[in-house]
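Analysis of the macromolecular model
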Amino acid sequence: MPSTSPLIGRVLEVSRRYVTLFSEGAGVITGTVSSKALEVVAGDMVTFEMRDEGVFVTAAEPATRSLYRSYRGALKRMGGNIDLLCVITAVGQVLNPTAIDRMLVAARVQSIPSLLVINKADLGADSFKPITDVYRAVGVEMIFCSAKFGQNLSELEERLNAPNVKVAALCGVSGVGKSTILNRLVPHAQAKTGEVSERTGQGKQTTTQPRGFLFGASGSKVIIDFPGVQFFGLSHVTPESVAAAFPEFVAAAAGCRFLDCRHLQEPECAVLAGLESGAIAAWRYDSYTQILQEIEDAREY
């Protein structure tokens, strides 16, 4: 019998005003957001009611650790209550440090723990060692795997099954094997897989909107699969938070002459000195300045 008593559930997927959610008492159910003013995304905890005419989401709990990206001048909240963001990349042309840096910055700004997953390691991960060594040096947690052959996925599963991870998310550019990883972790997901274009070296997008899947022995953990993006916009963040998201900059900045140094053209900048000496990787600094330029361009617009 339908009940109008408020129930609690976690959002798995949203399509316009239609919501798929999971509740310990009701299982996986679909419903409708009761008000256009109520915005919910995958990972959010919501209150819903089961009425004769259907399931209605009536309220949302304030979300922590939401992942945002800027898109065409608007701010898009991609998911909420994320305990671990898995930034997926792969050996080959799709291994793009600029894209990786942007996702890591987006996570750090929102205090979301992150994990860099390097797929297709069977194709020769050693050739990208200069890049992965830099990430390891600045404290980025990494796992190498091959989803196609099922190699080393147990390490990723163990990380996802940590007690403090209730909601994890997979994020990466198209073509890195994100859907293949998801299908290995959650066979019932049946996510479509795509190939990498030989002409552009970029993947063909197979996911169109965030989707959450139940995962783990308890059956109540959630993995959110984010659509593949070629550009992760960050025009909504502050320049100060960007600098704070690069650990090697934070460590070097103690030696800067000015406390508010932006590490661009200031005299006696320890970050620029580190760049010149090679202590700071040039491509990491390029990622930093590109994000700052994006923020500046958005302000001018």
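Residues numbered from 1 in each chain as written. Predicted model: local features only at pLDDT ≥ 70, side-chain atom pairs only at ≥ 80, totals over all residues. Heavy atoms only, no water.

1. Notes on the packing of aromatic side chains
Aromatic ring pairs are reported here in terms of the distance separating the ring centres and the angle at which the planes meet. Here is the rule: Stacked, tilted and edge-to-face are the three classes assigned to paired rings of Phe, Tyr and Trp, where Trp is represented by its six-membered ring and a pair needs centres within 6.5 Å; plane angles under 30 degrees give stacked, over 60 edge-to-face, the rest tilted. Under the scheme used here, helices are H or I runs from DSSP no shorter than 4 residues and strands are E runs no shorter than 2 residues, and both carry numbers assigned from the N terminus. Relative accessibility decides the category of a residue: with a 1.4 Å probe and only protein chains considered, values under 20% of the type maximum give buried, values over 50% give exposed, and everything between is partly exposed.
Evaluated as defined, the whole model comprises 6 aromatic pairs. On the basis of an interplanar angle of 65° and a centroid distance of 5.3 Å, the ring pair of Tyr135 and Trp283 is categorised as edge-to-face. A residue pair is termed long-range when its members are at least 10 positions apart, and Tyr135 in helix H2 (residues 129-137) and Trp283 in helix H8 (residues 282-300) qualify at 148 residues. The exposure class assigned to Tyr135 is buried, which follows from its relative accessible area of 1%. Judged by its relative accessible area of 23%, Trp283 falls in the partly exposed class. With centroids separated by 4.9 Å and ring planes inclined at 80°, the aromatic side chains of Phe249 and Tyr288 adopt a geometry described as edge-to-face. Of this pair, Phe249 sits in helix H6 (residues 247-253) while Tyr288 sits in helix H8, and the two are 39 residues apart along the sequence. By the burial criterion, Phe249 is buried, and Tyr288 matches it.

2. A closer look at the confidence of the model for the protein chain
The line we're drawing: Confidence scores here are pLDDT values: one per residue, from the predictor, ranging 0 to 100. In this analysis, two residues are considered to be in contact whenever any of their non-hydrogen atoms come within 4.5 Å of each other.
Looking at the protein chain, the pLDDT average stands at 90 and 92% of residues meet or exceed 70. Of all secondary-structure elements in the protein chain, the lowest mean pLDDT belongs to strand S1 (residues 3-15), at 86, while helix H7 (residues 270-277) reaches the highest, 98. Counting contacts from residues 195-207, a segment whose pLDDT is below 50, to residues more than four positions away or on other chains yields 34 contacts.

3. As for the pairing of strand S8 (residues 84-90)
Where a strand is regular, its side chains alternate between the two sheet faces. Applied cut-off: Should DSSP find at least two bridges between two strands, the strands are regarded as paired. When the strands point away from the viewer and the path from the first strand over the helix to the second turns clockwise, the crossover is right-handed.
Across the 7 residues that make up S8, a large majority, 7, are buried. Of the two faces of S8, the one carrying Leu84, Cys86, Ile88 and Ala90 and the one carrying Leu85, Val87 and Thr89 are both buried. Pairing of S8 with strand S11 (residues 167-171), which is carried by 4 bridges, proceeds in the parallel orientation. Bridging across to S11, Leu84 finds its partner in Ala168. Handedness of the β-α-β unit built from S8, helix H1 (residues 97-109) and strand S9 (residues 114-119) comes out right-handed.

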